[in-house]
Structures are given as structure tokens and as C-alpha cells.
Amino acid sequence: QVQLVESGGGLVQPGGSLNLSCAASGNIFVIYVMGWYRQDPGKQRELVATITAGGITNYTDSVKGRFTISRDDAKNTIYLQMNNLKPEDTAVYHCHAEGLFTDYSDIYTWGHGTQVTVSP
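This structure is a prediction, so every number in the text was calculated from the model and none was measured.

Student: Can you lay out the packing of aromatic side chains for me, pointing to particular residues and giving the numbers?
Tutor: Under the defined criterion, the tally for this structure stands at 2 aromatic pairs. Here Phe29 and Tyr104 contribute two aromatic rings whose centre-to-centre distance is 5.1 Å and whose plane-to-plane angle is 80 degrees, an arrangement assigned as edge-to-face. Placement of the pair is Phe29 in strand S4 (residues 28-39) and Tyr104 in the loop between strand S9 (91-101) and strand S10 (106-110), with a sequence separation of 75 residues. On the basis of an interplanar angle of 75 degrees and a centroid distance of 5.0 Å, the ring pair of Tyr37 and Trp110 is categorised as edge-to-face. Taken together, the residues Tyr37 in strand S4 and Trp110 in strand S10 connect sequence positions 73 residues apart. Taking relative accessible area as the criterion, Tyr37 reaches 17% and is therefore assigned buried.

Student: Quick one: what's the story with the confidence of the model for the chain, residue by residue and with numbers?
Tutor: Across the chain, pLDDT averages 95, with 100% of residues at or above 70. Strand S6 (residues 57-59) holds the highest mean pLDDT among the elements of the chain, 98, whereas S10 holds the lowest, 92.

Student: Which residues make up the environment of Gly99, and what values go with them?
Tutor: Looking at the secondary structure, you find Gly99 in strand S9. Taking C-alpha positions, Gly99 is 7.6 Å from Phe29, a pair spaced 70 residues apart along the chain.

Student: A description of the pairing of strand S11 (residues 114-118) should follow, citing residues and the corresponding values.
Tutor: Only one face of S11 is buried: it carries Thr114, Val116 and Val118, and the other face, with Gln115 and Thr117, is open. As defined by bridge partners, strand S2 (residues 10-12) adjoins S11 across 3 bridges and the pair is classed as parallel. If you follow Gly10 over to S11, its bridge partner there is Val116.

Student: Any details on the sheet that holds strand S7 (residues 67-72)? Residues and values, ideally.
Tutor: Overall, antiparallel pairing links the 4 strands, which are arranged S1-S3-S8-S7 in an open sheet. Each edge of the open sheet is held by one strand with a lone partner, namely strand S1 (2-7) and S7. Taken pair by pair, the neighbouring strands of this sheet meet at an average axis angle of 15 degrees, ignoring direction. As judged from the 6 bridges shared by strand S3 (residues 18-26) and strand S8 (residues 77-82), these two strands associate in the antiparallel manner. By the bridge assignment for S8, Leu18 is matched with Met82.

Reading guide: rules and limits
- Numbering of residues begins from 1 in every chain and follows the order in which that chain's sequence is written.
- At least 70 in pLDDT is required for a residue's local features to be given in this predicted model, at least 80 for side-chain atom pairs to be given and counted, and no such filter applies to totals for whole chains, interfaces and linings, which use all residues.
- The side-chain figures draw on all heavy atoms in the structure; neither hydrogens nor water molecules are used.
- Two aromatic rings, drawn from Phe, Tyr or Trp (for Trp, its six-membered ring), form a pair once their centres lie within 6.5 Å of each other, and the interplanar angle then sorts them: stacked below 30 degrees, edge-to-face above 60, tilted otherwise.
- To qualify as a helix, a DSSP run of H or I must reach at least 4 residues; to qualify as a strand, a run of E must reach at least 2; elements of each kind are numbered from the N terminus.
- Partly exposed describes any residue whose relative accessible area lies between the buried limit of under 20% and the exposed limit of over 50%, with all areas from a 1.4 Å probe on protein chains only and scaled to the type maximum.
- Per-residue confidence from the predictor is given as pLDDT, running between 0 and 100.
- Strands qualify as paired when DSSP identifies two bridges or more between them.
- Note on definitions: angles span 0 to 180 degrees between N-to-C directions of axes, and those axes are lines fitted to C-alpha atoms, for helices only across the stretch in contact.

What follows is the structure, encoded as C-alpha cells:
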């Protein structure tokens, strides 16, 4: 099994910053891609940002220039630095990972999520 442990969410005023982290642990052989998705109640989960093992990043348009995703392969950990936060960024942020277990079976897993609230 793989566990994803997220941290760093909270309440922040508009224009503020937060830094989320997600650490993967377990019988991991390799992780191809990790990322952050967010979900508001009653809405579909949407991609925020992803990063591959090679460091290729992808962002949804609404966060480009404000959010930065990074990765520490030695720790199987990703980070999401979120600057200039807006009320519309309010959501539960879920970490996601894809890769292979040590027995070469597929990893496709989600974290439980961390709440981000942007409010005056």
C-alpha cells in the first residue's frame, strides 16, 4: 500500500500564501507523477498542478503565475507554494500519485485532502 500524507492547509486572507506538502510512503518502486487536485462541495474535482519524475509541470490556467509545484524525489514528497490566494481558491486540496509498487503493480492513489479557505 501507499500512503499520501498532506499538510499545510488552513485559513488565509485574500492575497496571502500557503505551502502544501504531500509525502508518499510505502512499497514504492517509482512514482511517475504526483499532483494536486481540488474540490468544492457539489463540484467536480479539478486539476490544480502536476509534476512528473522528470520535473515537467502542468498547471490549470487559473493558478498559473501564482502557484508553484515542486518535488523532492529522495523524500517522495511534493510541495505546492500558493501565493496571491483568492477566495475562489477555497477548496479541499487532494494529493494524487501514480507509479509502481516494488512488485511492479500499479500505484494510483489519493490523499484524504487538506482544507484551504481564503476569506477576509
